[in-house]
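Each chain is listed here by its residues.
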Amino acid sequence: MMIAIMTMALCAFAQTDESKEGIGQRFLSDEVCIQCALSLPEPPSETSEKFAKDIKEYKSGKEEREKKNIREEVLREDETSIFALFSSVLGLKVSKENTPEIYKLAKTAINDASFAAAKGKEHFKRTKPYVYFHEESLTSKGDGDNFNDKKNSYPSGHSTRGWMLALVLANIASEHSAALLKCAEQYATYRVIMGRHWKSDIDAGRTLAITLYAKEVASPEYQQQVLKAKSEYKSKR
């Protein structure tokens, strides 16, 4: 079971596509999302103990990558894969077709997470670890372009989305809360193993998701939608 979840975690590195339906739907305003993102602590400085730990985690992840026991072809970047991962833990397929109310709740919350994480990255402008070390990550093509990647690293958007989805689903399916949170942790950790993020990036993603979620639960729109989602979940059990 653990191997299956780990494999699915690699498949589930979803990336937000602003052309997709629903991307404009959010529970929180731009201002609130930005405030949450900017409330994060500064990334560790290169002379700090925390950065030394980041380097240690990066090297550990590199060793894991170099075992070659993870197939690159499973590293998909499609929107549905994150829902497939958490659906396997929930025991229910979460999709627009099968669970429209749960999907709407989760997708809208993830939109908040994606927007806030993007604004955080714009602000902190932290270099990604594979660029910092001038090394290949698990998803690079080996053509050297990877080393010039200008994408920012802090906080991890994947971590933010994963933790947000876990929190949202745990609220409607409390009996699976521990497993969902564990899934979010594994989902985020694979970003370090892949060489795409520092450990402190994924930790910041968790913090940001928790901060955003605390704001969301106070939103009347969230409160209305979560009631619909809970009712739908109950009917599907």
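Structural data are supplied above this passage.
Overview of the structure. (Residues numbered from 1 in each chain as written. Predicted model: local features only at pLDDT ≥ 70, side-chain atom pairs only at ≥ 80, totals over all residues. Heavy atoms only, no water.)

### Concerning the overall build of the protein chain
Basically, it comes down to this: Counting from the N terminus, the helices are the DSSP runs of H or I reaching at least four residues and the strands are the DSSP runs of E reaching at least two. Only protein chains enter the area calculation, which uses a 1.4 Å probe; residues under 20% of their type maximum are buried, those over 50% are exposed, and those in between are partly exposed. Values of accessible area rely on a 1.4 Å probe in the Shrake-Rupley scheme; residue burial ignores everything except the protein chains shown.
In terms of regular secondary structure, the protein chain is built from 10 helices and 0 strands. Listed by position from the N terminus, the elements making up the protein chain come as α-α-α-α-α-α-α-α-α-α. Looking at the protein chain as a whole, 50% of its 237 residues are labelled buried. Element-wise, carbon and sulfur atoms account for 51% of the exposed surface of the protein chain, whose accessible area totals about 11800 Å².

### Description of the environment of arginine 191
Looking at the element boundaries, arginine 191 is found in helix H8 (residues 177-193). Along the sequence, arginine 191 and serine 156 sit 35 residues apart, while their C-alpha atoms lie 8.4 Å from each other.

### Some thoughts on the packing of helix H2 (residues 30-38) against helix H9 (residues 199-216)
Which entries qualify depends on this criterion: For helices, the axis comes from a line fit to the C-alpha atoms of the stretch in contact; other axes are also lines fit to C-alpha atoms, and the angle between any two N-to-C directions lies between 0 and 180 degrees. A clockwise turn of the near helix away from the far one marks a right-handed crossing, whereas an anticlockwise turn of less than a right angle marks a left-handed crossing. Between two residues, a contact is recorded if the distance between any of their heavy atoms is within 4.5 Å. Any residue that is not Ala, Val, Leu, Ile, Met, Phe, Trp, Tyr, Cys, Pro, Asp, Glu, Lys or Arg is counted as polar, Gly included; the first ten are nonpolar and the last four charged.
At a closest axis distance of 9 Å, the pairing of H2 and H9 adopts a crossing angle of 145°. The handedness of the crossing between H2 and H9 is right-handed. From H2, Val32, Cys33, Cys36 and Ala37 reach across to H9, where they touch Leu208, Thr211, Leu212 and Lys215. In the contact of H2 with H9, the residues fall into 6 nonpolar, 1 polar and 1 charged.

### What about the packing of aromatic side chains?
Put simply, the test is: For Phe, Tyr and Trp, rings pair up if their centres lie within 6.5 Å, where Trp contributes its six-membered ring, and each pair is then called stacked (planes under 30 degrees apart), edge-to-face (over 60) or tilted (otherwise). Charge-over-ring contacts are defined here by two conditions on Lys NZ or Arg CZ: a distance within 6 Å of the ring centre and an angle within 35 degrees of the ring normal.
One pass over the structure, following the stated rule, counts 12 aromatic pairs. When the ring of phenylalanine 83 is compared with that of tyrosine 103, the centres are 5.1 Å apart and the planes differ by 40°; the resulting orientation is tilted. In this pair, phenylalanine 83 is assigned in helix H4 (residues 79-90) and tyrosine 103 in helix H5 (residues 100-124), connecting sequence segments 20 residues apart. Here phenylalanine 83 falls in the buried class, since its relative accessible area comes to 4%. Members of the aromatic cluster, each reached through a chain of ring pairs, are Phe51, Tyr58, Tyr132, Phe133 and Trp198. The ring of phenylalanine 115 carries the charged tip of arginine 26 above its face, separated from the ring centre by 4.1 Å.

### Brief notes about unusual backbone geometry
Here the amide bond leading from tyrosine 154 into proline 155 is cis, since omega sits at 0°, within 30 degrees of zero. Relative to the helices and strands, proline 155 resides in the loop between helix H6 (129-132) and helix H7 (157-172). The backbone phi angle of lysine 125 is positive, close to 50°, even though this residue is not glycine. Within the secondary structure, lysine 125 is located in the loop between H5 and H6. Taking the relative accessible area as the measure of exposure, lysine 125 reaches 57% and is therefore exposed. Even without glycine at this site, histidine 134 takes up a positive phi of about 55°. Relative to the elements of secondary structure, histidine 134 occurs in the loop between H6 and H7.

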